[in-house]
Structure formats: structure tokens, C-alpha cells
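Secondary and tertiary structure notes
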Amino acid sequence: MADARLELSITGMTCASCANRVERKLNKLDGVTATVNYATEKAHVTFPDDVDPRVLVEQVEAAGYGAVLPAGPEQPEAVEEDPTRSLRQRLVVSAALAAPVIAMAMAPALQFTHWQWISLTLAAPVLVWGAWPFHRAAWTNLRHGAATMDTLISMGTIAAFGWSLYALLFGTAGTPGMTHPFELTVQRTDGAGSIYLEVAAGVTTFILAGRYFEARSKRRAGAALRALLELGAKDVAVLRGGRETRVPIAELVTGDRFIVRPGEKVATDGVVDEGSSAIDASMLTGESVPVEVGPGDAVVGATVNAGGRLVVRATRVGSDTQLAQMARLVEDAQSGKAEAQRLADRVSGVFVPVVIALAVGTLAFWLGAGGGASAAFTAAVAVLIIACPCALGLATPTALLVGTGRGAQLGVLIKGPEVLESTRRVDTVVLDKTGTVTTGRMSLVAVRTAPGVDEDEVLRLAGALEHASEHPVARAIAAGAAERVGDLPEVDGFRNHEGVGVQGVVDGHAVVVGRERLLAEWAVHPDEELAEAKRAAERRGHTAVLVAWDGRAKAVLAVADTVKPTSVEAVRRLRDLGLTPILLTGDNEAAARAVAAEVGIDEVVAEVLPEDKVDVVARLQAEGRVVAMVGDGVNDAAALAKADLGLAMGTGADAAIEASDLTLVRGDLLAAVDAIRLARRTLATIRGNLFWAFAYNVAALPLAAAGLLNPMIAGAAMAFSSAFVVGNSLRLRGFRGTPPAGAGTAAPRTAATGADAGRRVDRVGR
């Protein structure tokens, strides 16, 4: 019996323990294997094909959550409402109402006559409307015999508000002129004169803040797939019955012949039937050098036609295309990534039931000991209040806010708390070459002239001719020539020979620039010295072109990608962090090792197809390494998602950025050093915050259970723990980035480019 696979969208989860509960519930079904990802709110389920998928939905609903089956391939995806909008509204309103409540409770000078009734009026909407998500989740958990942090938050805030209401209506707290003196004493009290409205309003606001920033981070989880799929063309010009018809991309079928004009995206994977052009695959592969294609050559959907008109025959459409396969790779890597659960969620599995049991036990003990209902209830409420994680609501978001804010100033974007855990354990960093270690742009890097030929004259004539061409190699030569010799002369009789070079008349000279084959058509052959210079450039992975005029080969021009000035220093500093750098590239072995030698990398993985990069990361992980991946192309997206830590260059493709954990806005490899250092520091701060947030609460629990907790001690402890957490987080503002050693000292170095340097020299080298 075959197994089917399905992805369910799960709703109603509020913490990682919810995801675990759904996963356990699904796995109880015979033959079902499920993995639930809290960050993406997706369940990937493998089940026998004779099982109705609706049974899976019913099983999730039986656990107290919602599940939605995937839409059909022809059905447009529903536009979901921004899930952060409701949280943001609740947070803003609750913060505005809670601020005066907290201020009046903690500052006796603000406690005017009847202040307690104003506090009640302001706190009530916060408890009822602001905290509604927590109450709803607690009720759902209660119905299914479970308890989470939502349970503790709901019980604590309701208990604090309920007892305050009792004290106001039936105790002495409602007396005009009543004040809460700021006293730090340990003594028994019946609680009839104390109100806890600031606890109810403050805890709700702080936890809402944490949930809002968490939801905002989670919303980005599915953006990688959307970014990938949006790369594809939306419609296509198909040749049917000898006529050109533009149809939606979904109507394209295997075998159709379609037209790709200059500047258009290739609609789907296929083979060129007519025409020749240069295909720019940089958005898909990250490689900077376009590949010349002609009849019989394969092309990939979503790449861009940078040259002439092509007629392509479709070989793969829909879910079979390379773009769709990359999307599946990203999706699988995301769902398979082990999510680092927050410490608060892990502890809540034990902490919450223990606190509830302790509160009930405290109530029963004092009632049994004859302490009176008022004193017994006061002690029980005190247990819930002091255990309610006020500082926990600040522990993660404040450190993240300060850390991410500082990171943004340094060119580093941290996407959420769940990505930080792996930074501490990373021991290997995989560096994609093009656009990461190198600039990803072609530049003129070398000029070798024949004896007696002036270099400036070569650049002036060749640059003028190439200036009339739109080919990327031509643009690199023209830009390099203009930079060195200034203004370029005019060209007469310009002619472009597709895939081999250009010719024209410059200053009365018949000039030819291109591949050796083009020169041979003019009976011009390079001497042995120039031929060896051309071969040497090609061995280094450079694109080499010949320049000839007046019937003689005059020079060889070498064009290549260039290593970023800070890459050498960045690699050294990555080693200082205890990381082993590995260069990953589609270039041939010799060219890749030349680049690695330039920047000081010993280990190289070369000649890797775009779709195989994720396999390289998986192999390193299987060897026991904890892998960080730095890349910038769409072909890096799956590897970035698969890696324990993904770092994307902000100058690269959107899909790579969205699939990563950290984004390096500067496009500078030194930013990767800053990213890992800052992430480690932020993680340490979060851990410290969580420890102290729990410590203050747990240390006071025995006092609360003994009935010795003065309300002001509870308030002061919670305020002090919150202040400590905020202060500890603010220390991240002093984090300093990595200054380049002698900033900007290194001159650009040459680097190989291309998925196969030899092939590209042969086909693109002109």
C-alpha cells in the first residue's frame, strides 16, 4: 500500500508545546507519521493512501486546534489577513490603559482620592479584551486536559483582577483615600485591603508584546516559497497552428513551442529550437556570467533572455520544473529543521502544573489549618501572582529588539529567537562563492599585449568597439577601458557576431574583438605568446578574448569576477570564532581552488549543480558538523534553509534572503562575522533574562505559600525583575562590529566565475 503526503495548515497554536500536542495526536493514527513546525504553522503528514485526509483534520480538531487542507493546484491561494494586526491593536490599547494603572500602584504620590476606582476602570478592558487570546487558549487547553503558559497567564491575571474586585467591593480597598504604601516587609495579611490591578494589566501587556514580536517573525516563515514562485513568468507567447498566442503559464503543456523576446523571462524548462542569445541566470543561480545558448541547448524557467529572440520547446512544466523543485527543497528543509523551543515553553510543561497544584494546595492547607477563607485565598492568589511570568514576557522580545536594532545598524538582520540557538554550536561555515566571497560582477582584470603594442591603444580601440555591445563581457571591457584611458572614440560599421564577438572600424582601423574562431575567419591567428596568455587566463577561470586590427592579433583581455576587498579578513576572523570555512561553488576544481587560495580557505567543494548544494550541507551535517551557510542566489535558498544557520547576502536574491535565518544587509562577508558574534551575544542575553525571570518568581513562591508575601513585595519583585531584564537587554546596545584590519586595504583580487569555467570560456568567451 502506497503512502501519500500532505501538508496541513494548523491554526490556534500559541507555543511550541501546542505543536508537540498536535504532532502526538496525529501520530496516534495507524500508519501516520507527522511533523508539526510551530514556526511555519504547518504539519507535514505521511499517511496510507486509503485514509481520508479529512480524518487528519478531525484528529487535529480533537486536540483543540484547527487544520486546513491544501488548496488544489488550480485554486488560487486565499489571501490571509495579517495575523499580527489583531495582536498589534490589543498591544497598543492595552499598553495605553495599563501604563497609568502601573504608575498609580507603584508611586504613592499618584494615589489621589478614588484612584483605585480609576485603576479598575482602566484595567478591566485590558483583562477582558486585551487578554482574550490567553483566556481562549487556556479554556481550549482545559477542555483537553492540558496546561500551558496561557493557562498560568489567564489564571494569574483573572485571580489578580478577581481578588482586587473582591477587595474593592467587600473589603477595605474601596475606601476613599486608600493608599498602597511602598513597604518591603514580610508579614501575614488577609488581603482585603490590597488590590492587584497593576499585575493583571501589566502582565497582559508584557505578554502581548512578546506574542506580537513572535507573530511578526513567524509571518515571514512562508515568504521563501512565495519569493521562489514569483520568479516565474506569468504568461507566455505560444506558437500554435503557426500563430503566436499569449496564454497564462498554467495552460502551457509539454511540447509547446513558445517565444522568448529580449528582456523576457523563459516561461518554463525547455530546449532552444530557433535563435541564439545569452541567458542571464543570476536570479536563479547566483552566477554572474550569462551563458550563450543556441539550437539544441537547454534553458531553465525563470531565467532572463539577455540577447536575441528565442523559440523554445517546453520539456517540463508545472511542478516538474527546476524552479518548482527548488521550492520543494526549501519547503522540505524548513519543515525538517529542528526548531529550538524556547526555554519558557520547555519549562512550562512542568512549571505550570506545579504552580497550579501549589496554589490549590496552599488554599486547602490554610482552610484546613483554620486560617480563614480570606487569608487562605490571599495566599493562594499570591502564589499565582508571584509565579505569573511578568518578566518572561520581556525576556526574549527586549533582547531581540535591542539585539536586532543594533544588528540593523551593523548590517545584520536577525529574523527571530529560534535561529539563535544554533549560532552557539556552529563549527563549520559554508561560503557560496559568487556574490558572497566575490562581487558577482564581471570586471576587466588583465591585459596582455603583443610585443611593441601599446596597452592604452588596445584598451581605446577594443573599449570603443565593445561599448556598442550589450553583452556582459563587453560591458566589463568597455567600463575597464573607459576607467583607464578616458573617453572612447566612435565606431563605424559595427557588427555583432552572436556568441563569438564583434567587429567594426575605429579611428580607421578594422578592429575585431572576440573568440579565436572569429579571428580565424579573418585569417588572423595569435602568436604563441598571446596563445599561451589566453590559455593561462582560461586555466585561472577567467573569460579571455582576443583583440586584433590591421590583420594582426594585438592583445588578450581577461575578464573575471573579483574577490571582495574584505573577504580575506572575514575568512580569518571566521576562523578566530572557531569555524572551519568551506568554499562551495559550481566552478571547476582548478578555478575554485584559485579563489580559495586567494582568501585563505583550505577545503573546497566545486562543480556542484545548483540543486545539489542542499545535499552538500546535508552531508556535512551527517558527518556531525553544525553548519552555517552563507549565500545569495535562489539556488542557495534550499541550502540556507537546510543549514543549522542560514546567512543571506542582502544584495542577493529575495528568495535566498527569505529562506535564511540572518540577512547581511551590507553584502560584506565581514557582516557574517558580526552576525554570528551578535547572535551569540543576544542568545546569551536571552538565556540570562529567562533565568532571572524565573529566579525571582520561584524564590518568592515559598513566601507566598506561607502567607508571608506582602503585596508590595510581589509588585516590587515583579517590577525589579522586569527592570533587570530590560537593563540586561540594553547592554546589547554597546555591541561593536568587526572593524576591517586597515579598512579597505586589500585590492580587488581576481576570481573564477561560472558553473563550469571551461564551458563558459568556450561558449561565452567571445
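In this text the structure is predicted, and so the values were computed from the model without any measurement.

Bringing the overall build of the protein chain into the picture now. When helices and strands are counted, the protein chain shows 27 helices and 27 strands. When each of the 766 residues of the protein chain is scored for burial, the buried share is 55%. Relative to all contacts within the protein chain whose residues are 6 or more apart in sequence, the contacts with residues 24 or more apart total 72%.

The next subject is the sheet that holds strand β12 (residues 304-305). The strand order across the open sheet formed by 3 strands is β10-β9-β12, and the pairing between neighbours is antiparallel. One side of each edge strand has no neighbouring strand; the edge strands of this open sheet are β10 (291-293) and β12. Where strand β9 (residues 277-280) meets β10, 3 bridges bridge the pair, whose relative direction is antiparallel. The partner of Ala278 across the bridge, within β10, is Glu292.

It is worth spelling out the packing of helix α4 (residues 115-130) against helix α5 (residues 132-143) at this point. Where α4 contacts α5, the axes come no closer than 5 Å and their chain directions differ by 45°. Our classification of the angle between α4 and α5 gives oblique. Across from Leu127, Val128, Trp129 and Gly130 in α4, the residues of α5 making contact are Trp132, Pro133 and His135. Of the residues belonging to the contact of α4 with α5, the class tally is 5 nonpolar, 2 polar and no charged.

Moving on to the nonpolar core. Core analysis: the biggest nonpolar cluster contains 49 residues, and Phe161, Ile195, Leu197, Val355 and Val383 have the highest contact counts within it. Contributions of two or more residues to this core are made by α3 (83-106), α4, α6 (149-170), α7 (197-218), α11 (343-368), α12 (373-387) and α25 (670-705). Per-element accounting of this core gives the leading share, 9 residues, to α7. With sequence-adjacent residues up to four places away left out, Ile195 is seen in contact with Trp115, Gln116, Ser164, Ala167, Leu168, Ala173, Met178 and His180.

Together, Leu165, Tyr166, Leu169 and Phe170 make up a nonpolar patch on the protein surface, roughly 400 Å² of accessible area in all. Topologically, Tyr166 is positioned in helix α6.

In this section: the sheet that holds strand β22 (residues 580-584). If you walk across this open sheet you meet the 7 strands as β14-β26-β25-β24-β15-β22-β23, and the pairing is mixed. Unpaired on one side and paired on the other, β14 (412-414) and β23 (603-605) mark the two borders of the sheet. Taking each pair of neighbouring strands and ignoring which way they run, the sheet shows an average axis angle of 20°. Helix-sheet contacts for helix α22 (residues 613-622) involve β15 (428-432), β22, β23 and β24 (627-631), and the interaxial angle to β24 is about 160°.

In this section: the UniProt feature "transmembrane region" (unreviewed entry) in the protein chain. With numbering matched to this structure, UniProt assigns "transmembrane region" (unreviewed entry) to residues 91-109, 115-132, 152-173, 193-213, 347-369, 375-402, 690-706 and 712-730. The span residues 115-132 shows a helical share of 94% and a strand share of 0%, and its end C-alpha atoms are spaced 25 Å apart. Secondary structure content for residues 152-173 is 86% helix and 0% strand, while the C-alpha to C-alpha distance between its ends is 25 Å.

Before going further, it helps to examine the packing of aromatic side chains. Counted by the stated rule, this structure contains 3 aromatic pairs. Centre to centre, the rings of Phe365 and Trp366 are 5.4 Å apart; their planes meet at 80°, and the pair counts as edge-to-face. Chaining the aromatic ring pairs together yields one cluster made of Trp163, Tyr166 and Phe170.

Note on placement: Thr428 falls in strand β15. Taking the relative accessible area as the measure of exposure, Thr428 reaches 2% and is therefore buried. Those residues in contact with Thr428 that lie beyond four places of it in its chain are Leu579, Thr580, Ile582, Arg625, Val626, Val627 and Ala628. For Thr428, the side chain forms a polar contact with the side chain of Asp427, separated by 2.9 Å.

A separate point is the packing of helix α16 (residues 455-467) against helix α17 (residues 472-485). Packed helices, taken two at a time, are described by the angle their axes make and the gap between the axes. Orientation of α16 relative to α17, taken along the N-to-C sense of each, is 135°, at an axis distance of 8 Å. In this view, α16 runs oblique relative to α17, as classed from their interaxial angle. For the pair α16 and α17, the sense of crossing is left-handed. Of α17, the residues touching α16 (which contributes Glu455, Asp456, Leu459, Arg460, Gly463, Glu466 and His467) are Ala474, Ile477, Ala478, Ala481, Arg484 and Val485. Broken down by class, the residue content of the contact of α16 with α17 amounts to 6 nonpolar, 2 polar and 5 charged.

Moving on: the confidence of the model for the protein chain. Per-residue pLDDT for the protein chain has a mean of 78; in total, 78% of the residues score no lower than 70. Within the model, pLDDT remains below 50 along residues 73-79, and this stretch shows 0 contacts once partners closer than five positions in the same chain are excluded. With pLDDT under 50 throughout, residues 333-342 is counted as low confidence; its partners more than four residues away or in other chains account for 26 contacts.

The subject of this paragraph is the pairing of strand β13 (residues 310-316). Bridge count for strand β7 (residues 257-260) against β13 is 4 bridges, and the pairing is antiparallel. Within β13, the position partnered with Ile259 by the bridge is Val311. With 5 bridges joining them, strand β8 (residues 269-274) and β13 adopt antiparallel strand pairing. Bridged to Val272 within β13 is Val312.

The phi angle at Ala302 is positive, at roughly 85°, despite the residue not being glycine. With respect to the helices, strands and loops of the structure, Ala302 is situated in the loop between β11 (298-299) and β12. Notably, Asp550 is not glycine yet its phi reads approximately 55°, a positive angle. In this fold, Asp550 is placed in the loop between β20 (543-549) and β21 (552-563). For Asp550, a relative accessible area of 49% puts it in the partly exposed group.

By the definition in use, this model includes 26 salt bridges. For the salt bridge of Asp507 with Arg460, the shortest nitrogen-to-oxygen distance reads 2.5 Å. One end of the pair, Asp507, is in the loop between β18 (501-506) and β19 (509-514); the other, Arg460, is in helix α16, and 47 residues separate them in sequence.

Turning next to the pairing of strand β6 (residues 243-248). Alignment of strand β5 (residues 235-240) against β6, held across 6 bridges, turns out to be antiparallel. Residue Arg240 lies in a different strand from β6, and its bridge partner there is Arg243. Adjacent in sequence and paired antiparallel, β5 and β6 are bridged by 2 residues, among which Gly241 carries a positive phi angle near 65°.

A word on the side chain of Thr303. Structurally, Thr303 can be placed in the loop between β11 and β12. One polar contact links the side chain of Thr303 to the main-chain carbonyl oxygen of Val300, over a distance of 2.5 Å.

The rules behind these values
Residues numbered from 1 in each chain as written. Predicted model: local features only at pLDDT ≥ 70, side-chain atom pairs only at ≥ 80, totals over all residues. Heavy atoms only, no water. Helix = DSSP H or I, 4+ residues; strand = E, 2+ residues; numbered from the N terminus. Buried < 20%, exposed > 50% of the residue type's maximum accessible area, 1.4 Å probe, protein only. Contact = heavy atoms within 4.5 Å. Pairing = 2+ DSSP bridges. Axes fitted to C-alpha atoms, helices over the stretch in contact; angles between N-to-C directions. Parallel < 35°, antiparallel > 145°, perpendicular 65-115°, else oblique. Nonpolar A, V, L, I, M, F, W, Y, C, P; charged D, E, K, R; others polar. Core = buried A, V, L, I, M, F, W, Y, C linked by side-chain atoms within 4.5 Å. Patch = residues over 30% accessible without salt bridge, like charges linked within 9 Å, V, L, I, M, F, W, Y side chains within 5 Å. Areas by Shrake-Rupley, 256 points an atom, 1.4 Å probe, with all protein chains shown as cover. Salt bridge = Lys/Arg side-chain N within 4 Å of Asp/Glu carboxyl O. UniProt positions renumbered as here; feature names shortened; annotations may be inferred. Phe/Tyr/Trp six-rings, centres within 6.5 Å; stacked < 30°, edge-to-face > 60°. Polar contact = N/O pair within 3.5 Å; in protein donor to acceptor, adjacent residues only side chain to side chain. Left-handed = near helix turned anticlockwise from the far one by under 90°. pLDDT = per-residue confidence, 0-100.

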